[in-house]
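So the chains spell out like this:
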Amino acid sequence: MSARKHPDPCNHLSDYKLRHGTDGYKSFQNMFTCLNDGRIKIKLQQETTPRCSSHCSLHSNKRLYICLICRSISCSSHLLSHTQSNKGHDLSIDVERSELYCSSCVDQVYDPDFDEAVVSKHLVKDAAVVSGGVVRSNKKRRLSADAQLIIGSKQFLVDRREKWSFPLGLRGLNNLGSTCFMNAVLQALVHAPPLRNFWLSGQHNRDLCERRSMGLLCLPCDLDVIFSAMFSGDRTPYSPAHLLYSWWQHSTNLATYEQQDSHEFFISLLDCIHENEGKSKCLYKDHEECQCITHRAFSGLLRSDVTCTTCGTTSTTYDPFIDISLTLDSSTDRRKSRNSGGEPSVNAPMMMPTLSGCLDLFTRSEKLGPDQKLNCQSCGDKRESSKQMSIRRLPPLLCLHVKRFEHSLTRKASRKIDSYLQYPFRLNMSPYLSSSIIGKRFGNRMFAFDGEGEHDGSSASEFEIFAVVTHSGMLASGHYVTYLRLKGLWYRCDDAWINEVEEEVVRGCECYMLFYAQERVIQKAHKELSYQVISMADSFPFV
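Residues numbered from 1 in each chain as written. Predicted model: local features only at pLDDT ≥ 70, side-chain atom pairs only at ≥ 80, totals over all residues. Heavy atoms only, no water.

A. Representation of the overall build of the protein chain within the structure. A tally of regular secondary structure across the protein chain gives 16 helices and 23 strands. Of all intrachain contacts in the protein chain linking residues separated by at least 6 positions in sequence, the fraction that spans at least 24 positions is 67%. For the protein chain, the exposed area adds up to about 26,000 Å²; of that, 48% sits on carbon and sulfur atoms. (Helix = DSSP H or I, 4+ residues; strand = E, 2+ residues; numbered from the N terminus. Contact = heavy atoms within 4.5 Å. Areas by Shrake-Rupley, 256 points an atom, 1.4 Å probe, with all protein chains shown as cover.)

B. A look at the confidence of the model for the protein chain. A residue-level look at the protein chain finds 69% of positions with pLDDT of 70 or above and a mean pLDDT of 76. Confidence scores differ between elements of the protein chain, with helix 4 (residues 112-129) showing the lowest mean pLDDT of 61 and strand 23 (residues 511-518) the highest of 96. Of the regions scoring below 50 in pLDDT, residues 453-457 engages in 6 contacts with residues more than four places distant in sequence or in other chains. (pLDDT = per-residue confidence, 0-100.)

C. Seen up close, unusual backbone geometry. We note that Arg 71 has phi near 65°; this positive angle belongs to a residue other than glycine. By relative accessible area, Arg 71 is classed as partly exposed at 37%. Positive phi outside glycine occurs at Asp 495, with the angle close to 55°. Note on Asp 495: relative accessible area 3%, which makes it buried. (Buried < 20%, exposed > 50% of the residue type's maximum accessible area, 1.4 Å probe, protein only.)

D. A look at helix 10 (residues 262-276). Compared with an ideal rise of 1.5 Å per residue, which puts 15 residues at 21 Å, helix 10 spans 21 Å between its outermost C-alpha atoms and is within 8% of the ideal. Of all 15 residues that make up helix 10, 13 are buried, and the element is covered over most of its length. Near the N-terminus of helix 10, the side chain that reaches the backbone nitrogen of His 263, with its oxygen 2.9 Å away, is that of Asp 261. (Expected span 1.5 Å × (residues − 1). Polar contact = N/O pair within 3.5 Å; in protein donor to acceptor, adjacent residues only side chain to side chain.)

E. Local environment of the pairing of strand 21 (residues 489-494). Where strand 20 (residues 479-486) and strand 21 come together, 5 bridges link them in antiparallel fashion. Each bridged residue has a counterpart across the sheet, and for Leu 484 the counterpart in strand 21 is Tyr 491. Where strand 20 folds back onto strand 21 in an antiparallel hairpin, the turn is made up of 2 residues, including Lys 487, whose phi is positive at roughly 55°. In terms of strand pairing, strand 21 meets strand 22 (residues 497-501) through 5 bridges, oriented antiparallel. Within strand 22, the residue paired with Trp 490 across the bridge is Val 501. Counting the residues that bridge the hairpin from strand 21 to strand 22 gives 2 residues, and of these Asp 495 lies at a positive phi of roughly 55°. (Pairing = 2+ DSSP bridges.)

F. How the structure looks around the sheet that holds strand 11 (residues 366-367). As summarised here, the arrangement of the 4 strands in space is 9-8-14-11, forming an open sheet in which the pairing is antiparallel. Since the sheet does not close on itself, it has two edges, and those belong to strand 9 (314-321) and strand 11, each with one partner. Packing against the sheet, helix 13 (residues 434-441) makes contact with strand 8 (300-308) and strand 14 (385-393), and its axis sits at approximately 140° to strand 14. (Axes fitted to C-alpha atoms, helices over the stretch in contact; angles between N-to-C directions.)

G. Structural view of the packing of helix 5 (residues 180-190) against helix 8 (residues 219-230). Two elements in contact, helix 5 and helix 8, have axes separated by 11 Å at closest approach and are oriented at 75°. The orientation of helix 5 relative to helix 8 falls into the category roughly perpendicular. Residues Leu 186, Gln 187, Leu 189 and Val 190 of helix 5 form the contact with helix 8, whose own contacting residues are Leu 223, Ile 226, Phe 227 and Met 230. Taken together, the residues of the contact of helix 5 with helix 8 sort by class into 7 nonpolar, 1 polar and no charged. (Parallel < 35°, antiparallel > 145°, perpendicular 65-115°, else oblique. Nonpolar A, V, L, I, M, F, W, Y, C, P; charged D, E, K, R; others polar.)

H. Up close: the nonpolar core. Core analysis: the biggest nonpolar cluster contains 64 residues, and Leu 195, Phe 266, Phe 298 and Phe 515 have the highest contact counts within it. If you tally residues by element for this core, the top one is helix 5, at 9 residues. For Leu 195, the contacting residues outside a window of four places in its chain are Leu 189, Phe 227, Ile 293, Ala 297, Phe 298 and Leu 397. If you look at the next biggest cluster of nonpolar residues, it comprises 34 residues, including Leu 326, Leu 355, Cys 358 and Leu 427. (Core = buried A, V, L, I, M, F, W, Y, C linked by side-chain atoms within 4.5 Å.)

I. How the structure looks around helix 8. Over its 12 residues, helix 8 extends 16 Å from the first C-alpha to the last, a length consistent with the 16 Å expected when each residue adds 1.5 Å. Among the 12 residues in helix 8, 12 count as buried, and that is most of the element. Those residues of helix 8 that fall on the buried side of the exposure criterion are Leu 219, Pro 220, Cys 221, Asp 222, Leu 223, Asp 224, Val 225, Ile 226, Phe 227, Ser 228, Ala 229 and Met 230. Where helix 8 is buried, its residues contact helix 5, helix 6 (193-200), helix 7 (210-213), helix 9 (241-250) and helix 10.

In structure tokens, the structure reads:
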């Protein structure tokens, strides 16, 4: 099986290409225009503000689409009616995003030929304006000789072609058909210090990979291509189609253009990396011995103490984790507040849930139900018990997943929790370590329990945030966006769109996944790469 096969198009796109080929795409090339922030949109030949052909309000904020067949403009509300009235007019182009959309499938679709039509004009334009000349071939794309990456001293390459000063590595990712869930996670991982250093230093080189040489799919190789593309200096939005296809082969049950969950994709992607490095198929097996980049970056250890409420005997187990899923603390919701009479208090002040409250809830002792009685060896019988979680070992990168989607088996219904969450940009995890939790249980006595405390250096428990994945909208029709923190500034990555935002915007979003890195990891990453000058001439395949 070829490692370079593209995802299959929808039936309507296949029918269109059988009838029209790529001529329709080429006819739109002169209408594509590249903005300063790297986005490519359609510039309509109208003096006035473009409007829906169905005469919607001029001030309507609905997204506009232009039909591939007749070039009629329709808003999102009237696009389907246009398709139903005109047979074969299923495909249109999103005016703002320059992405293909199938109104019959009610989804974005991906076609590499369309992708090539969008960016080809700008590639030719770029080659003409870069000083010193650009050499392009069917394999390599070379930047000017002074194009360098010096991450340690924070000397980021400024793209001379687009004339903007975003840090190197900021590049939009095209939506390939409801793939914002994938783009959001990729943006976070690309800027995670250990992963960035791993791939940019060639520790998984696609040119030397045995799997790729045998024509097999290799997801780490596809990630190698993405890291090279993101740090190449090119600002044209990139299409991670090969990675999507490789991931589909690993997760066949998720191989669809339908919207997926970013958290599920994150776990699945790390599992792919782990497995492709020749490890066991279980991400959580041999976690302590495994030296794959997945475990080196994200692997931590949880401690679970189950205590008999009769005699006080405690049974302790340890479980590895890649991320920690947190329940929103509902006790801070005004609707849960009650007055002295026990009735809900309408005038109770709204208290926003906090990350510290969620972590407190995660490490709080809870009484287990009667169906979870402990088989106590001391009592010789099953007894009621309590359970308390704590963190035995922290990973270099800490991913905190906020449970926003609830699924009720009894009601057979699902819902999204829209509560906002307060979270710090600097996080101290010391209160949630096993040494702290057990110390409180025994009256804060200053001694170690079962080896606890040997990993509790202050530098290991201090974290800085570097990425936030957010979810907006409804459960079945939401949208994922990532906010990245680079050089003290925040950037919003919304598929192909990237723009700088204020800190208040990030704090006000509905966070879904929070990515923190140990302070010493960030400092070490800068020092380790301070000597590396990476020429992207031999790192980026022109595909």
